[in-house]
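Each chain, written out:
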Amino acid sequence: SKSLSDEENLKLFGKCNNPNGHGHNYKARLLISLLFSLQIDPVSGMVINLTDLKAYMQEAIMEPLDHKNLDKDVPYFAEVVSTTENVAVFIWENLKKLLPMGTLYKVKVYETDQNIVVYKGEETISE
């Protein structure tokens, strides 16, 4: 974090504190809400066209984040600490702009198989 001293960063982030940055291969899972209140298209039988969903994911996740140094290459993280929690918020906010209103239910980001963040907008959840 830019707002902490080197000593404070080391204490807070441990081995993840590296002045040259460190990398992760994040995995993200999205849950599109399939509540009965959403309209299933009678022709396609889908709530959302999967081709459109893939394009939205490409624009909201892959283009800004894939093979990037988050702190240096992604403007959002110039002022926001690039934790898994903030990656989940970033993905949520980007997808929310593209998806039909009310269809995004949660974003789940895997830093590792044991370190997982679930984000459902402004509410807090435990899983």
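Parameters at a glance
Residues numbered from 1 in each chain as written. Predicted model: local features only at pLDDT ≥ 70, side-chain atom pairs only at ≥ 80, totals over all residues. Heavy atoms only, no water. Helix = DSSP H or I, 4+ residues; strand = E, 2+ residues; numbered from the N terminus. Buried < 20%, exposed > 50% of the residue type's maximum accessible area, 1.4 Å probe, protein only. Contact = heavy atoms within 4.5 Å. Areas by Shrake-Rupley, 256 points an atom, 1.4 Å probe, with all protein chains shown as cover. Expected span 1.5 Å × (residues − 1). Bend = angle between axes of the 7 residues up to and from the residue. Polar contact = N/O pair within 3.5 Å; in protein donor to acceptor, adjacent residues only side chain to side chain. Core = buried A, V, L, I, M, F, W, Y, C linked by side-chain atoms within 4.5 Å.

Draft legend 1. A look at the overall build of the chain. On a plain count of helices and strands, the chain comes out with 4 helices and 3 strands. Secondary structure of the chain in N-to-C order comes out as α-β-α-α-α-β-β. The proportion of buried residues among the 127 residues of the chain is 28%. Sequence-distant contacts in the chain: of pairs separated by 6 or more residues, those separated by 24 or more amount to 52%. If you sum the accessible surface of the chain, you get close to 9200 Å²; carbon and sulfur atoms cover 53% of it.

Draft legend 2. Up close: helix α2 (residues 50–65). If you check α2, its first and last C-alpha atoms are 21 Å apart, about what 16 residues at 1.5 Å a residue would give, namely 22 Å. A bend of about 40° at Gln58 is the largest found in α2. Along α2, the residues that are buried comprise Leu53, Ala60, Ile61 and Leu65. The opening residue of α2, the one whose side-chain oxygen lies 2.7 Å from the backbone nitrogen of Thr51, is Asn49. Immediately downstream of α2, the backbone of His67 shows phi near 55°, a positive value.

Draft legend 3. A look at the nonpolar core. Leu65, Phe77, Val87, Ile91, Leu95 and Val107 are the most contacted members of the largest nonpolar core, which totals 21 residues. Of all the secondary-structure elements, those providing two or more residues to this core are α2, α4 (84–98), β2 (104–110) and β3 (116–119). Considering every element that reaches this core, the biggest residue donor is α4, with 7 residues.

All quantities given are derived from atomic positions and should not be read as evidence of function.
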